[in-house]
Amino acid sequence: MTNPDVLVVGGGIGGLGAAYALARRGLAVRVLEQAAAFGEVGAGIQLAPNCTRILDDYGLLDEAASLGVLPHAMIMRDAVDGSELTRLDLRDLERRYGHPYLVIHRSDLHAMLLRACERAGVHLRTSQSVVAYANTAEGARVTLADGRREEARVVIAADGLHSVARGLLSDDRPVSSAYVAYRGTTPTASGRGAEVDLSEVVVYVGPRCHFVHYGLRGGGLLNQVAVFESPKARAGEEDWGTPDELDAAFERTCDFVREGLPHMWRDRWWRMYDREPLMTWVDGNIALLGDAAHPPLQYIAQGAIMAIEDGWVLGEHLARRLAHDGSVDWPAVLAAYQAVRPEHCRRVLTASRAWGDLWHLDGTSRRNRNALLRERAIDDYSFVDWLYGPTALEPSEEPPMFTPVPLASKADPLTATCGVRRS
């Protein structure tokens, strides 16, 4: 079989997004997925304007919107007393950034990208477990668990949190946050689903816990997520994040939050890890992408978005360096990718950790946070301008990050931990 131009290792959202971004430029792309079938686990995912802008460029935004929900507001509430702290008007946000805020089921987004890859002629293969990567004189090679080898001019390693390819660049390990997430979806035709305003994305922030809900699948499902710090994890126990800890973590929260706990799936939970920022993603003709390069904590809802951005940036730089005869200046493409993406994603990883700290405060710090959040003007976008604008293709296009302000400074609209600059 003829070697492809590009091998993408990993058929998740990031891998498929990258495969489509390159295949639509005319390259021969092969995706190697270790599972027996393509698919995604989990429930809802939030797509901010920096992602829906890319889906629009791909011609996929209308399809995504038909599969998801376009909410009108994002609201933060205190999980203990249920009071509103601050909100974003998502219709005004769409006017500001030119593209909507969308919530969608992970499996629906994944299936949409899979269909796009099929239409673009991507060669999709399952049950392909890659155990080693190497550069060659002509490109790069991967070795599979059964001993077979695959070669291409470039290999894109979208092999996730436990990336094998990352070992080429770093000997680091995933970092446990000691937090765990429970998820659940409920039909909205009756019961709790019928009681919730599905035009809102709501997060209840509480002491060492938070609770999120929003609608999915055109409003047919209510998605709920409960996240908490595990005392067992802090104590170094192996069996942590168990259902008994879930119930105990939310004992102090308001009725609405506690009433959502029985709707969580209790037979599975997701322990939350990230990694320290990695500033080199390219080794010869092998490049990291998505969680292999930058697995974040989920507090600013940018994990899958960063992966989709990675693929789009690769595709855009490819288009700039694609000759009429079909040849590609790959060293220049990978150098341009390396020049812009690691710094942006470093900012997202560090901001995600800080945002999580803000959400989970207790005592005086919680009261100060609440007071400051309530002072925020609804049209203050200073804390998301650096995220939601157009994805940078060059370092000079990366917008300045916020200037932190002290948590105790009540003259400022938001706290240092949520990363808002003075306006």
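Residues numbered from 1 in each chain as written. Predicted model: local features only at pLDDT ≥ 70, side-chain atom pairs only at ≥ 80, totals over all residues. Heavy atoms only, no water.

J.: Could you clarify how one ought to interpret the overall build of the protein in this entry?
T.: A tally of regular secondary structure across the protein gives 13 helices and 18 strands. In terms of C-alpha radius of gyration, the protein reaches 22 Å, essentially the compact-globule figure of 22 Å for 423 residues. Seen through its principal axes, the protein has C-alpha atoms that stretch 65 × 45 × 40 Å. Counting over 423 residues, the protein shows a buried share of 57%. Here the analysis covers contacts within the protein between residues at least 6 apart in sequence; of these, 73% occur between residues at least 24 apart. Of the accessible surface of the protein, which amounts to about 16500 Å², a share of 49% is contributed by carbon and sulfur atoms. In the protein, which carries 45 positive and 56 negative side-chain charges, the distance between the mean positions of the two groups comes to 1 Å. (Helix = DSSP H or I, 4+ residues; strand = E, 2+ residues; numbered from the N terminus. Rg over C-alpha atoms; globule rule 2.2 N^0.38 Å. Buried < 20%, exposed > 50% of the residue type's maximum accessible area, 1.4 Å probe, protein only. Contact = heavy atoms within 4.5 Å. Areas by Shrake-Rupley, 256 points an atom, 1.4 Å probe, with all protein chains shown as cover. Lys, Arg positive; Asp, Glu negative; His and termini not counted. Charge placed at Lys NZ, Arg CZ, Asp CG, Glu CD.)

J.: In this structure, what is going on with the packing of aromatic side chains? I would like to understand it.
T.: The geometry of an aromatic ring pair is captured by the separation of the ring centres together with the interplanar angle, meaning the angle of the planes. Counting across every chain of the model gives 12 aromatic pairs. With centroids separated by 5.7 Å and ring planes inclined at 85 degrees, the aromatic side chains of Tyr97 and Tyr388 adopt a geometry described as edge-to-face. Taken as a pair, Tyr97 in helix H4 (residues 90-97) and Tyr388 in helix H13 (residues 385-388) lie far apart in primary sequence, 291 residues in all. Here Tyr97 matches Tyr388 in class, with each residue buried. With a centroid separation of 6.4 Å and an interplanar angle of 80 degrees, the aromatic rings of Phe228 and Phe250 are classed as edge-to-face. Residue Phe228 is found in strand E15 (residues 221-229), and its partner Phe250 is found in the loop between helix H8 (243-249) and helix H9 (255-260); the two are separated by 22 residues along the sequence. Overall, Phe228 belongs to the buried group, its relative accessible area being 0%. Lying across the ring of Trp270, Arg183 places its NZ or CZ 4.7 Å from the centre. (Phe/Tyr/Trp six-rings, centres within 6.5 Å; stacked < 30°, edge-to-face > 60°. Lys NZ or Arg CZ within 6 Å of the ring centre and 35° of its normal.)

J.: Even after reading the chapter, I still don't get unusual backbone geometry, so can you show me in this structure?
T.: Note: most residues except glycine have negative phi, and most peptide bonds are trans. Here Ser127, not a glycine, exhibits a phi torsion of approximately 55 degrees, which is positive. By the secondary structure assignment, Ser127 is in the loop between strand E7 (123-125) and strand E8 (130-135). Unusually for a residue other than glycine, Arg217 sits at a positive phi of about 50 degrees. With respect to the helices and strands, the residue Arg217 is situated in the loop between strand E14 (209-216) and E15.

J.: Mind showing me how you'd approach the sheet that holds strand E9 (residues 140-144) here?
T.: Note on sheets: strands pair through backbone hydrogen bonds, and any given pair is parallel or antiparallel. The strand order across the open sheet built from 3 strands is E8-E9-E10, with neighbouring strands paired in antiparallel fashion. One side of each edge strand has no neighbouring strand; the edge strands of this open sheet are E8 and strand E10 (149-152). Averaged over all pairs of adjacent strands, the angle between their axes in this sheet comes to 20 degrees, without regard to strand direction. Here E8 runs beside E9; their pairing, made up of 5 bridges, is antiparallel. Bridge assignment links Tyr133 to a residue of E9, and that residue is Val142. (Pairing = 2+ DSSP bridges. Axes fitted to C-alpha atoms, helices over the stretch in contact; angles between N-to-C directions.)

J.: Is there a simple way to explain the state of the cysteines in this structure?
T.: Every disulfide links exactly two cysteines, by a covalent bond between their sulfur atoms. Within the structure shown, the criterion is met by 0 disulfides. Cysteine Cys51 shares no disulfide, and the gap to the nearest cysteine sulfur, in Cys345, comes to 13 Å. On the accessibility criterion, Cys51 (1% relative accessible area) is buried. Cys209 carries a free sulfur, and the closest cysteine sulfur to it, the one in Cys254, is 9.7 Å from it. Note on Cys209: relative accessible area 1%, which makes it buried. (Disulfide = S-S within 2.5 Å.)

J.: Just checking my understanding: could you explain the packing of helix H10 (residues 303-320) against helix H11 (residues 330-359) for this structure?
T.: The relative placement of two packed helices is expressed as an angle between their axes plus a distance between the axes. Running from amino to carboxyl end, H10 crosses H11 at an angle of 155 degrees, the nearest separation of the two axes being 9 Å. By the angle between their axes, H10 is roughly antiparallel relative to H11. Between H10 and H11 lies a crossing whose hand is right-handed. Contacts between H10 and H11 pair Met306, Glu309, Asp310, Val313, Leu314, His317 and Leu318 from the former with Trp330, Val333, Leu334, Ala336, Tyr337, Val340, Arg341, His344, Cys345, Val348 and Leu349 from the latter. Of the residues that constitute the contact of H10 with H11, the class distribution is 13 nonpolar, 2 polar and 3 charged. (Parallel < 35°, antiparallel > 145°, perpendicular 65-115°, else oblique. Left-handed = near helix turned anticlockwise from the far one by under 90°. Nonpolar A, V, L, I, M, F, W, Y, C, P; charged D, E, K, R; others polar.)

J.: Explain the pattern of salt bridges to me, please; I cannot follow it from the model alone.
T.: Pairing between side chains becomes possible if they bear opposite charge and their charged atoms approach one another. The full count for this structure, using the stated rule, is 32 salt bridges. A salt bridge links Asp247 to Arg266; its shortest N-O distance comes to 2.8 Å. With Asp247 in helix H8 and Arg266 in the loop between H9 and strand E16 (270-274), the pair connects residues that are 19 residues apart, well separated along the chain. By relative accessible area, which is 34% here, Asp247 ends up partly exposed. (Salt bridge = Lys/Arg side-chain N within 4 Å of Asp/Glu carboxyl O.)

J.: Even after reading the chapter, I still don't get the side chain of Thr52, so can you show me in this structure?
T.: Structurally, Thr52 is set in helix H2 (residues 49-57). Those residues in contact with Thr52, other than ones at most four positions away along the chain, are Leu47, Leu61, His99, Pro100 and Leu102.

J.: Is there a simple way to explain H11 in this structure?
T.: Because each turn of an α-helix spans 3.6 residues, side chains separated by three or four positions in sequence point in the same direction. Spanning 30 residues, H11 covers 42 Å between terminal C-alpha atoms, matching the ideal 44 Å at 1.5 Å per step. At Arg341, H11 shows its largest kink, close to 25 degrees, and the proline Pro342 lies no more than four residues downstream. (Expected span 1.5 Å × (residues − 1). Bend = angle between axes of the 7 residues up to and from the residue.)

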